[in-house]
Structures are given as C-alpha cells and as structure tokens.
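# Summary of the model geometry
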Amino acid sequence: VDLAPVLDGFGVVLQPTNLLYCLIGVVVGMLVGVLPGLGPAATIAILLPITIGIEPVTAVIMLAGIFYGAQYGGTITSVLLRLPGEASSVVTVFDGFALARQGRAGTALGIAAVGSFLGGTVSIVALSFVAPLVAGFALDFGPPEYTALALLGILLVATVSSGDRLKAVIAACLGLLLATVGRDGFTGAERFTFDNLSLADGLDFVPIAMGLFGLGEILYNLEERHRAVHAPATVANVWPSRKDLRQSSGAIGRGSVLGFFLGILPGGGATLASLAAYAMEKRRSKTPERFGRGAVEGVAAPESANNAAATSSFIPLLTLGIPANATMAVIYGALLIQGVSPGPQLVDQEPELFWGVVNSMYIGNILLLIMSIPLVGLFVKILRVRATILAPITVLITLIGVYTVNYDVFDIGLVVVFGALGYLMKKLGFDPGPLVLAFVLGSLLEDSLRRSLLLFDGDPTGFLTRPISGTLLVLFLVVVLLPVIRAALARRRSTDRRNTKEFV
Amino acid sequence: MSSPAGGAHVPGRPGGHPAAGATPPGPGMPSPEPTASGEFDLEEAIHQVEAEEHEGRPPAAGLLGNLVVAAAVVVLGVAAVVGSLAFDAGSARSPEAGTWPLVVSVVIVVLGLGLVATARRTTDAERFGRTSWLVLAGLATMVVFVVLIPVIGFEIPAALLAFVWLRFLGSEGWRTSIVTSAALVVAFYLIFVGALSVPIPHLF
C-alpha cells in the first residue's frame, strides 16, 4: 500500500476549515440522533444546499459526520427513554434501558460511547486497506458489470428496507422512472417533460431528496400524538468502570468485526449488524439470562457493530459508486452535484477527496468520544426541545434552502410536491429510501444497460457469459425468488398440516 | 423519533399492530421484562419496541384502502406505459429512448397487480382520519408560500407559515406562536438576505 496519499489525506483533514466542518457535522449528527423528528438522511438532504458553495471534500466530511454522529446520538434516547432514535439502536434499548432503570444510565452511555468509538475506528482501519483493493478489482468493470451491480444494489436495499418488500421495490421502480424525466442522453429525445422547460434538463436531486426525506417526514410526524417524554434530570458516572470495560471488551471486539463485514453489504447494514452482534453475544454468553436485564455487553456489542457498519457502508459508495443505503444515496447525490462521480477511479484520481473523507472519520470519532462522555448532561437537556417548535423551523429552512440552489421558485414548488409524495408514501407503507437510491442510480443503470445490449447485440444472455456480471445477476435472481419460494413452501406446509389434521 | 440509518422508517408496521404477545406498556414506561420462563425472546422484544414506536399513529387501513393503493399503483404504471409508448420503443438490439421507461413501467404494472393480490394480507398502510387534515393544512401553508413568494416576497408568507404551524398544528400558546414566528422571520432575513445575499424575493 502506498502510504503517501493516506498521509496527504491527514493533511487535508487537519486544515482548519475541514476540522471545523467535521466538528459541525458530528455535532449536528449527534443532535439529530437525539432530537425527535428527523433522521440522518432527512437532515443531510436538508443541508444539501449549503454544501454547494464549499469544496467537495469539506462537504462530504461534514455529511459523513452527520451520518456516524447520529449513530452516537441515537443511543442516548434508547437508553434514557426506551425510544430508539435510529433503527440500528433498537436492540440497545433492551439492556440500555434496563441499566438506566437500575440507576446505571451513565454506565450504559459510557460503554456505548467507548464501543462506538472502537467499532468506528476498527472499521476505518479496515476500510483503509479494503477499499483500495475493491476499487482496484472494480477498475475494469464494464457496462454489463455496472448494470448487474446497480440492479442488485437497488434490489438489496429495497429487500432489506423496512415494511413491505413489494412496496419497496415499487418505490425503487418509481425512482427509476423519475430518473428518465428530461432529455435522453443518447438520442436527445425529451421524455416526460410535458413541454415544461424546467423539466427538460431532468429532475434535480436536491428538491427530490429534500422533499421526500425532509418535508415528507415532518408532515408524517404531524399525525402523531405527542408522547410525554420523561428524561431523567441528570445522568451520573458516565465513565465506565474497569470491570464494565473488561466485561464488554470481547463484545466490542466481536461487534466491530461483525459490523464491518455486514456494513459493506447493501441494505440495512447498521441495523442488521446491531441485531446480529446482540444475538451473537447472547448466544456466546455463559449467563445468557442476564441479557434483557441490564447486561453491559448487550449495550456494547450492538453499539460497536452499528458504528462499524455505518463506517464500512462507505466502501460500496467510494469504491464502486453504488450507495449501500438511503443516506449514502444522498451523499452520492451531493458528490454528483459537486461534479465528482464516485466509482473505482476515485481512489486514484481524487486521492485527496478519498483519503480526506476516510481520515476525517478518525477525527470525527475522537470528537464524538470527547463530546459524548462529558456532554451527556447537555444532550439530555436538549431532549426537552419541543418537536412542535422545531417543525416550522425545519420547513422554512427547507423551502428557502432549496431556492438557494438555483434561485428558482419552481424548485420550491417541486420540493412541496415531493414532500406531499413522501408523506403519502410513508403513510401507505412505501419506504422513500429505495426511491431516492434508485433515482440517483437511474441514469447509470439505463446507460449501462443500453451499452451492454449494444455490446451483446441485443442478446440479454450475454450478461451470463461474463463471470462477474453473471454471478451478480444470479444473486439478483436468488434474492428475487427466495422470498417467493419461501412463501410457497410455508403455504404448502400449512396446508399439509391441515390435511394431516383432517386425516386424524 | 427520527428515522434510521438511511431514512427508512424503523422497521415495523404502523398503526394498530399489536405487540407480539403482550399488551404494549404505556408511553415511556417499561418494559421488555423477561417472560415468566426467564427466557428473553429477542424477536418478541423487538416487536414490542416497534409497536410502541407506532403507538401514537393512526390505525391501519382496511382491505378497501389497500385495494385503492394497489389500484393507484397499477393506474400509475399503465399511464407510464402509455407515456413511454409515445417515444421510440426500440428493441433489445437497438434500445431507443422509450425502451427503458417501457420496461420499468411494465414492471410497475406487474408489481401493482401483485399488490392487488396481496391486499388482504397488507397491514402497513395507515388509515386517513381526522389527523390527516393537519397534514393537508400544513401542505396548504406551503402552497400559499410558493404562490405568494414571487408576488409579495418571503417575509409575510414565512411568518404566516410559522404561525399556523406553531399555533394550530403544534398547539403552542398565542404568545409563543407570535413571538417565535416573528423572531424566525427576522433570523431568516438576517441570514439569507443580510449575510448570504441570496436573491430571494423580499419586501424590505
């Protein structure tokens, strides 16, 4: 491994501007994790307009900080309020809240912070070695490989997404369709523009992401009856004791490694990782009955795993140009706006950007560890900020923010339309994540599909003649067919059972 | 609460999904107490947490609602098929502007029919009810904002939006609502017009 670009990357991070934006990012991320209302994808979407005026590296350093910072923040509400801020903190609730009820909330938060820090750091080190390898491997991918990769990526994200799988895939198809609006890159024909000049260049990513994630989520929350929040006034003893650390060191180590590998997979990496890490610790433990009753390992394992996974989910984005989840899709969009197209060439062509972003995560994790232990009290106070006051502020930031991108009132209209769509989708069980992901990958997918078809002279079986695209497509089919087969088997089993009963 | 890594909502079913096995405990109050047998069931505990997340949500939609949603997807797909046929559909050998949109639209129609078939088992759509009017009101304030901004600038529409959201959608007090919305407009003016000189239409 050539070390020079890695060290240059540290030089990039240590520039005062980048340090400042890294700090802003992690603080915002942590606030977002704690505050009710918006998730990291929504926040990153809403902040897209401010990234336009700044350097690409700086922009992505900040956006990445929001993403992993939110993983830290989500823990606080899980432990103190039994409300998982993020899906990846759901399992932390069990032992975290149990510890809090025993008056050991501080221990739970401290162990979570240490675990998150170690998980994140282990994952960054591994990423630094693995990412260039993956990128090197992907360098000679052609259109057929990209077609298969994009298809599989979109499908996996839709499959792992929450709720109804069918609806998630429909949402993804809608995203692909929206990506075709505008002038066709090959023939110049105008598609779905309805003779509207503002649509001729296609739909902009910013209003779509801001509307679907930002406004959609705020509107959706309007229908929720507000629950009374009972945060404890103070949290004492945040520093974990030596005994707690010894008890959870194995859990942190295993959680970090597991999280790193699961995070690379497209789909709910962090969520899956935290679940798997928790289940593994419980199975390994000599005293599994302690789990759910306040076991420190039950907090340490999932928190290390979800942070490790959040970090490693950057690998598919930065090395293949395929975002692994909705937040990565928004960051992908931010890079495209900056004129950087993420892909295997990124490590070589933009080493400062690549290593700058990767190395900023070390700094970000240190900042988070420093902040989260002594400042827990402050974040507990922030829990009292009312969602009813935050909502109109966020709405106005969104509406005025989207205007600043192109100075066009049409964009404000667009963001409202997509806000309404985002609300309807959430309300009716369609996850907007796959839509946004499919939208950003839409033109890449169409381009490579058309190129591949020209390459194969119109014969779709050509995909199977190349080892990588063939393997990926077979995987695609497995993911499509597996649930269908499983459902059919389950139905047959249940009818079998009924038949047996009739015989008896 | 905010939503998970990547904006997807916390996995679970909105509305009326009963906590597996147990009655959901009150808001803020515990707990995933291990069952009598002493065994802590991970899956059940996750279901319970998710159910609590959805506790304040409207109930799930009925069969009719699910069928309407499915039909809407099919109609959308058919409209997209018709739209794509307006372009050159091409062929596999020489894909044209219409090929890809046509493929995607056909997939949407097929998946929409799949939704129709599974409508009876669908539980993740919510019913529209009285609270949905709040959302409509919220959307209305945004539409007013978009329409008015080129005419009278952003100050009055922004103040109006903030006030409606605070007082009527958020049930804050009159004084809080008036003071906060005025302060917000001043802050936005100072940031966007004063500091950043964004050429957004404004009165002053």
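Small disclaimer: the values here were computed from a predicted structure and weren't measured. (Residues numbered from 1 in each chain as written. Chains lettered and ligands numbered in written order. Predicted model: local features only at pLDDT ≥ 70, side-chain atom pairs only at ≥ 80, totals over all residues. Heavy atoms only, no water.)

### As for the overall build of chain A
A tally of helices and strands in chain A yields 23 helices and two strands. Taking 2.2 N^0.38 as the reference for a compact globule, 504 residues should give roughly 23 Å; the C-alpha atoms of chain A span a radius of gyration of 23 Å, in line with that estimate. Viewed in the frame of its principal axes, chain A has a C-alpha envelope of about 75 × 65 × 55 Å. The burial tally for chain A puts 62% of its 504 residues in the buried class. Sequence-distant contacts, at least 24 apart, represent 78% of the contacts inside chain A between residues at least 6 apart. Entry remark: accessible area of chain A is about 18,600 Å², with carbon and sulfur atoms responsible for 65%. Of the side-chain charges in chain A, 34 are positive and 33 negative, and the distance between the mean point of each set is 18 Å. (Helix = DSSP H or I, 4+ residues; strand = E, 2+ residues; numbered from the N terminus. Rg over C-alpha atoms; globule rule 2.2 N^0.38 Å. Buried < 20%, exposed > 50% of the residue type's maximum accessible area, 1.4 Å probe, protein only. Contact = heavy atoms within 4.5 Å. Areas by Shrake-Rupley, 256 points an atom, 1.4 Å probe, with all protein chains shown as cover. Lys, Arg positive; Asp, Glu negative; His and termini not counted. Charge placed at Lys NZ, Arg CZ, Asp CG, Glu CD.)

### Points about the packing of aromatic side chains
One pass over the full model with this rule turns up 15 aromatic pairs over all chains. Plain terms: the ring middles of A:Phe10 and A:Tyr362 are 5.8 Å apart, the flat faces sit at 25 degrees to each other, and that makes the pair stacked. Placement of the pair is A:Phe10 in helix α1 (residues 4-13) and A:Tyr362 in helix α17 (residues 351-372), with a sequence separation of 352 residues. Ring plane angle 75 degrees and centroid distance 5.2 Å describe the contact between A:Phe456 and A:Phe463, whose orientation is recorded as edge-to-face. You'll find A:Phe456 and A:Phe463 in the same group, each marked buried. These aromatic residues form a ring-pair network of at least three members: A:Phe94, A:Tyr278 and A:Phe291. Residue placement shows A:Lys427 over the ring face of B:Phe128; its charged tip is 5.1 Å from the ring centre. (Phe/Tyr/Trp six-rings, centres within 6.5 Å; stacked < 30°, edge-to-face > 60°. Lys NZ or Arg CZ within 6 Å of the ring centre and 35° of its normal.)

### Focus: the nonpolar core
In terms of nonpolar packing, the biggest core is built from 192 residues, with A:Leu80, A:Leu203, A:Phe314, A:Leu399, B:Met142, B:Phe145 and B:Trp165 touching the most fellow members. At 15 residues, helix α5 (residues 56-81) of chain A tops the list of elements feeding residues into this core. Counting residues in hydrophobic clusters, the runner-up holds 11 residues, among them A:Val90, B:Leu42, B:Ala45 and B:Ile46. (Core = buried A, V, L, I, M, F, W, Y, C linked by side-chain atoms within 4.5 Å.)

### Here we look at the interface of chain B and chain A
Across the boundary between the two partners, chain B contributes 97 residues, which contact 103 residues of chain A. Taken together, the two surfaces of chain B and chain A that pack against each other cover about 8,500 Å², and 71% of this comes from carbon and sulfur. Counting every contact that joins chain B to chain A gives four salt bridges. Ionic pairing is found between B:Arg93 and A:Asp457, a salt bridge with its closest N-O pair at 3.0 Å. Counting the contacts that link chain B with chain A gives 13 residue pairs in polar contact (both at pLDDT 80 or more). For the side of chain B that touches chain A, the elements supplying multiple residues, two or more each, are α1 (42-53), α2 (63-85), α3 (99-117), α4 (132-152), α5 (155-169) and α6 (174-195) of chain B. Residue contributions to the side of chain B that touches chain A peak at 11 residues, all from α4(B). Class assignment for the residues of the side of chain B that touches chain A results in 58 nonpolar, 25 polar and 14 charged. (Buried area = accessible area lost by both parts, 1.4 Å probe. Salt bridge = Lys/Arg side-chain N within 4 Å of Asp/Glu carboxyl O. Polar contact = N/O pair within 3.5 Å; in protein donor to acceptor, adjacent residues only side chain to side chain. Nonpolar A, V, L, I, M, F, W, Y, C, P; charged D, E, K, R; others polar.)

### As for the confidence of the model for chain A
Confidence along chain A averages 87 in pLDDT terms, with 95% of residues attaining 70 or more. Looking at the elements of chain A, mean pLDDT is at its lowest for helix α23 (residues 467-503) of chain A, recorded as 78, and at its highest for helix α20 (residues 409-427) of chain A, recorded as 95. (pLDDT = per-residue confidence, 0-100.)

### Details of α20(A)
For α20(A), spanning 19 residues, the distance from its first C-alpha to its last is 27 Å, which sits close to the expected 27 Å at 1.5 Å a residue. Residues A:Asp411, A:Ile412, A:Leu414, A:Val415, A:Val416, A:Phe418, A:Gly419, A:Gly422, A:Tyr423, A:Met425, A:Lys426 and A:Lys427 constitute the buried set of α20(A). Contact partners of the buried residues in α20(A): α9 (165-179), α10 (205-222), α19 (387-406) and α21 (432-455) of chain A together with α4 of chain B. Measuring from the side-chain oxygen of the N-cap residue of α20(A) to the backbone nitrogen of A:Phe410 gives 3.0 Å; that N-cap residue is A:Asp408. (Expected span 1.5 Å × (residues − 1).)

### What to know about a nonpolar patch on the surface
On the surface, a cluster of nonpolar side chains totalling about 420 Å² of accessible area is made up of A:Leu477, A:Val480, A:Leu481, A:Ile485 and A:Leu489. Following the sequence through the fold, A:Ile485 ends up in helix α23. (Patch = residues over 30% accessible without salt bridge, like charges linked within 9 Å, V, L, I, M, F, W, Y side chains within 5 Å.)

### Overview of the pattern of salt bridges
Residues and elements named next belong to chain A. Inspection of every chain in the model, using the stated rule, returns 17 salt bridges over all chains. With a closest N to O distance of 3.1 Å, Asp 244 and Arg 104 form a salt bridge. Within this pair, whereas Asp 244 is found in helix α11 (residues 242-264), its partner Arg 104 is found in the loop between α6 (92-101) and α7 (105-138), the two being separated by 140 residues in sequence. Taking relative accessible area as the criterion, Asp 244 reaches 4% and is therefore assigned buried.

### A short note on the side chain of A:Ser469
Residues and elements named next belong to chain A. Mapped onto the fold, Ser 469 is located in helix α23. With a relative accessible area of 0%, Ser 469 lands in the buried category. The residues touching Ser 469, leaving out its near neighbours within four places in the chain, are Pro 144, Glu 145, Ala 148 and Phe 463.

### Considering the environment of A:Met280
Residues and elements named next belong to chain A. One can find Met 280 in helix α12 (residues 269-284). Linking Met 280 and Ala 251, residues 29 residues apart in sequence, is a C-alpha distance of 9.0 Å. With residues up to four places along the chain from it excluded, the contact list for Met 280 reads Arg 254 and Leu 258.

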